[in-house]
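The lines below spell out each chain.
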Amino acid sequence: MSKQPLILSARPYDVHAAAAMWGLRQSGLAPSWPSSLVDGSVPPVSLYCDDSDGEGSGGGAGWKASGWLDDGAIGSIWFRRAHTPDVFPRAIDADVPFLRTEWARFLRNVYALGDAFSDRLWVNRPASANRAENKLAQLEAARRCRLRFPATLVSHDPDQIRRFVARHGRVVYKPFVPHTWEDGATGKRFGTFARLVEPTMLADDESLSLCPGIYQVYVEKKYDLRIVAIGDRFFTVRLASRSGAAFVDWRAYTFAPELHVEVCALPDRYRGKLESLLRELGLVFGCIDVAVDVDGDAHFLEVNQAGQFLFLEELAPPLPLLRAMCAMLACGRTDYSLEAAADVSYPTYAASEAHRAWWEGVRGQLEADNRSGAWLSIE
Amino acid sequence: MSHDSANHPAQDKVRPVGRIAARELSAEEVAIAGGVANTTHATGPNGDDPSDPDLAV
């Protein structure tokens, strides 16, 4: 049997993981997506290493892995949204903290070894994924790759923030991670998106100093680009308002009729810089956000190493994003051929009985998690 | 607590600038956050920035 893909995504309602599982099966593969690393849904892993001659000569065969890290069985790992196991159904409560810690440390070791097991493809390698989750590390990489990006201040110093805004005028505030507040009385929800700084946001020293925020010069943009890098292939869409007015944060208009999305070409010169950026960050997959100003100059905003991309197949068909991801995972290499996967698409999956049946089984968990997640506060 | 109170919290409390900057979500955005079938969008708790990535590295 040929090597198979493994998907590590902790959320059972991860539509991207489910679509990839379907696409890979449609392509004749037998991928794995364990619901947990401890419930028996995947074979337990063992790692072995010795120095072969016992003399400390640097010899030995190196690390050998079995189970869900088997060198001979797993050709690619989509490290999408892994999570340390925290549910142990047959354990007593007193043991759970110990079990969680041991699993966390074990996985940290596995991920730190990275390529030591084999030359299999990680999408993305854990250490690189972890680093690239940091927006400031992204900007530093962009700077080294000579990508243009907006001047950025990260601060909880009220004086510095006000000086930055006074100097640059139109400035965007954004948090590190989106958060939602729910009004306990009305049920209304309020969410953080990138937003132009207004005077009321700068009025209170304590409000500004309570936690750091990201303040970034607003790009007087004509449109946004969402560039999905899947291995060596780049897929680019242009997001603009039908009226010609720019969006501060296009994500807030995902459902709005004024959002116009179309597939477009990525200039070779800019593509080269983005390839450098991904190499610098050690990524083989990423959803890159770029703002293009009225002069046509591109400004890098961020790269989401575990970003969302299948919605683009619905907004701007035909984009073979699901097929590309399946082909890369099937081949276990970044210079894959699209022919390595069947002609699958996300809209086809979303309309399938397979999707309906899967969704019925997981939507309850999503609804439960959405009521208790750290992303939501009840006021 | 109402939206207005983000700017006018109780006398001895303070709200972060992130809460003051937050805007009311549309019904469709709330639906995404609440569990409709299509959650491949970049927004919401399962969007680009999952609320608890826990990469364990």
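Residues numbered from 1 in each chain as written. Chains lettered and ligands numbered in written order. Predicted model: local features only at pLDDT ≥ 70, side-chain atom pairs only at ≥ 80, totals over all residues.

A.B. asks: A description of the overall build of chain B should follow, citing residues and the corresponding values.
C.D. replies: Counting its secondary structure elements, chain B contains two helices and one strand. Secondary structure elements of chain B, listed N to C terminal, follow the sequence α-β-α. Split into buried and exposed, the 57 residues of chain B put 49% on the buried side. (Helix = DSSP H or I, 4+ residues; strand = E, 2+ residues; numbered from the N terminus. Buried ≥ 20, exposed ≤ 12 C-beta atoms within 10 Å, placed from the backbone.)

A.B. asks: Account for the domain arrangement of chain A, with residues named and values stated.
C.D. replies: All names here are of chain A. Segmenting chain A into domains produces domain 1 (4-123), domain 2 (151-218) and domain 3 (221-372). Distance between the C-alpha centres of domain 1 and domain 3: 26 Å. Of the residues lining the interface, 22 residues belong to domain 1; the matching set on domain 3 comes to 25 residues. Where the side of domain 1 that touches domain 3 is concerned, the elements lending two or more residues are helix 1 (15-26) and strand 4 (74-81). Residues belonging to the side of domain 1 that touches domain 3 are distributed by class as follows: 13 nonpolar, six polar and three charged. (Domains from an automatic or database assignment. Contact = placed C-beta atoms within 7 Å. Nonpolar A, V, L, I, M, F, W, Y, C, P; charged D, E, K, R; others polar.)

A.B. asks: Tell me about the pairing of strand 13 (residues 233-241) of chain A, and name the residues and values.
C.D. replies: Residue and element names in this part refer to chain A. Bridge analysis of strand 12 (residues 221-230) against strand 13 gives seven bridges, and the strand direction is antiparallel. Paired with valine 228 across the strands is phenylalanine 235, a residue of strand 13. Pairing geometry for strand 13 and strand 14 (residues 259-263), over five bridges, is antiparallel. Each bridged residue has a counterpart across the sheet, and for serine 241 the counterpart in strand 14 is leucine 259. (Pairing = 2+ DSSP bridges.)

A.B. asks: Lay out the pairing of strand 11 (residues 213-217) of chain A in plain terms, naming residues and giving numbers.
C.D. replies: Consecutive residues of a regular strand have side chains that alternate between opposite faces of the sheet. Residue and element names in this part refer to chain A. Direction of pairing for strand 6 (residues 152-155) relative to strand 11: antiparallel, over a ladder of four bridges. Bridged to valine 154 within strand 11 is isoleucine 214. Bridging between strand 7 (residues 171-174) and strand 11 involves four bridges; their strand directions are antiparallel. Within the sheet, the bridge partner assigned to valine 172 lies in strand 11 and is glutamine 216.

A.B. asks: Which residues make up the packing of helix 1 of chain A against helix 9 (residues 321-331) of chain A, and what values do they have?
C.D. replies: In a pair of packed helices, the angle between the axes and the distance between the axes together describe the arrangement. Residues and elements named next belong to chain A. In contact at an axis separation of 9 Å, helix 1 and helix 9 are set at 65° when each is read in the N-to-C sense. Comparing the axis directions of helix 1 and helix 9 gives the class roughly perpendicular. Note that helix 1 runs across helix 9; the crossing there is right-handed. Facing Ala19, Ala20, Gly23 and Leu24 of helix 1, the residues of helix 9 in contact are Leu322, Arg323, Met325, Cys326, Leu329 and Ala330. Residues that form the contact of helix 1 with helix 9 fall into these classes: eight nonpolar, one polar and one charged. (Axes fitted to C-alpha atoms, helices over the stretch in contact; angles between N-to-C directions. Parallel < 35°, antiparallel > 145°, perpendicular 65-115°, else oblique. Left-handed = near helix turned anticlockwise from the far one by under 90°.)

A.B. asks: Quick rundown of the environment of valine 87 of chain A? Include the residues and the values.
C.D. replies: Assignment of secondary structure puts valine 87 of chain A in the loop between strand 4 and helix 2 (96-113). Sequence separation of valine 87 of chain A and serine 36 of chain A is 51 residues, and the distance between their C-alpha atoms is 8.7 Å.

A.B. asks: Kindly report on the confidence of the model for chain B, identifying the contributing residues and their values.
C.D. replies: Residues and elements named next belong to chain B. For chain B, per-residue confidence averages 70 on the pLDDT scale, and 54% of positions sit at 70 or higher. Ranking the elements of chain B by mean pLDDT puts helix 2 (residues 27-34) last, at 69, and helix 1 (residues 17-21) first, at 94. The complex model carries a pTM of 0.91, and its ipTM stands at 0.82. (pLDDT = per-residue confidence, 0-100.)

A.B. asks: Give me the lowdown on unusual backbone geometry, citing residues and values where you can.
C.D. replies: Residue and element names in this part refer to chain A. Geometrically, the link from valine 123 to asparagine 124 is a cis peptide bond, its omega value of 0° lying close to zero. Topologically, asparagine 124 is positioned in the loop between strand 5 (121-122) and helix 3 (126-132). With omega at -5°, the peptide bond leading from proline 317 into proline 318 counts as cis. As for its placement among the helices and strands, proline 318 is situated in the loop between helix 8 (311-315) and helix 9. Backbone geometry places arginine 146, a non-glycine residue, at a positive phi of 60°.

A.B. asks: Before we move on, could you go through the sheet that holds strand 9 (residues 189-191) of chain A and cite the residues and values that matter?
C.D. replies: If you trace the four strands from one edge of the open sheet to the other, you get 17(A)-8(A)-9(A)-1(B), paired in mixed fashion. Lying at the two open borders of the sheet, with one neighbouring strand each, are strand 17 (376-378) of chain A together with strand 1 (23-24) of chain B. With three bridges joining them, strand 8 (residues 180-182) of chain A and strand 9 of chain A adopt antiparallel strand pairing. Residue threonine 180 of chain A lies in a different strand from strand 9 of chain A, and its bridge partner there is glycine 191 of chain A.

A.B. asks: Explain the sheet that holds strand 10 (residues 195-196) of chain A to me, and be specific about the residues and the numbers.
C.D. replies: Two pairing modes exist for strands in a sheet, parallel and antiparallel, and in both the strands are linked by backbone hydrogen bonds. All names here are of chain A. On the basis of which strands lie adjacent, the open sheet formed by four strands has the order 6-11-7-10 and antiparallel pairing. Each edge of the sheet is formed by a strand with only one pairing partner; in this case those strands are strand 6 and strand 10. Of the strands in this sheet, strand 6, strand 7 and strand 11 are in contact with helix 5 (residues 158-168), which crosses strand 6 at around 160°.

A.B. asks: So what's going on with the environment of lysine 273 of chain A? Residues and values would help.
C.D. replies: All names here are of chain A. Take lysine 273: it is sitting in helix 7 (residues 268-281). Assessed through the 17 C-beta atoms surrounding it within 10 Å, lysine 273 is described here as partly exposed. For the pair lysine 273 and isoleucine 7, spaced 266 residues apart in sequence, the C-alpha to C-alpha distance is 29 Å. Those residues within four positions of lysine 273 in sequence are excluded, and the remaining contacts are Cys145, Arg146 and Leu147.

A.B. asks: Give a detailed account of the packing of helix 4 (residues 135-144) of chain A against helix 7 of chain A, specifying residues and quantitative values.
C.D. replies: Residues and elements named next belong to chain A. Here helix 4 crosses helix 7 at 130°, and the two axes come no closer than 9 Å. On the basis of their axis angle, the class for helix 4 and helix 7 is oblique. The two elements helix 4 and helix 7 cross, and the hand of that crossing is right-handed. For the pair helix 4 and helix 7, the contacting residues are Gln138, Ala141, Ala142 and Arg144 in the first and Leu277, Glu280 and Leu281 in the second. Residues that form the contact of helix 4 with helix 7 fall into these classes: four nonpolar, one polar and two charged.

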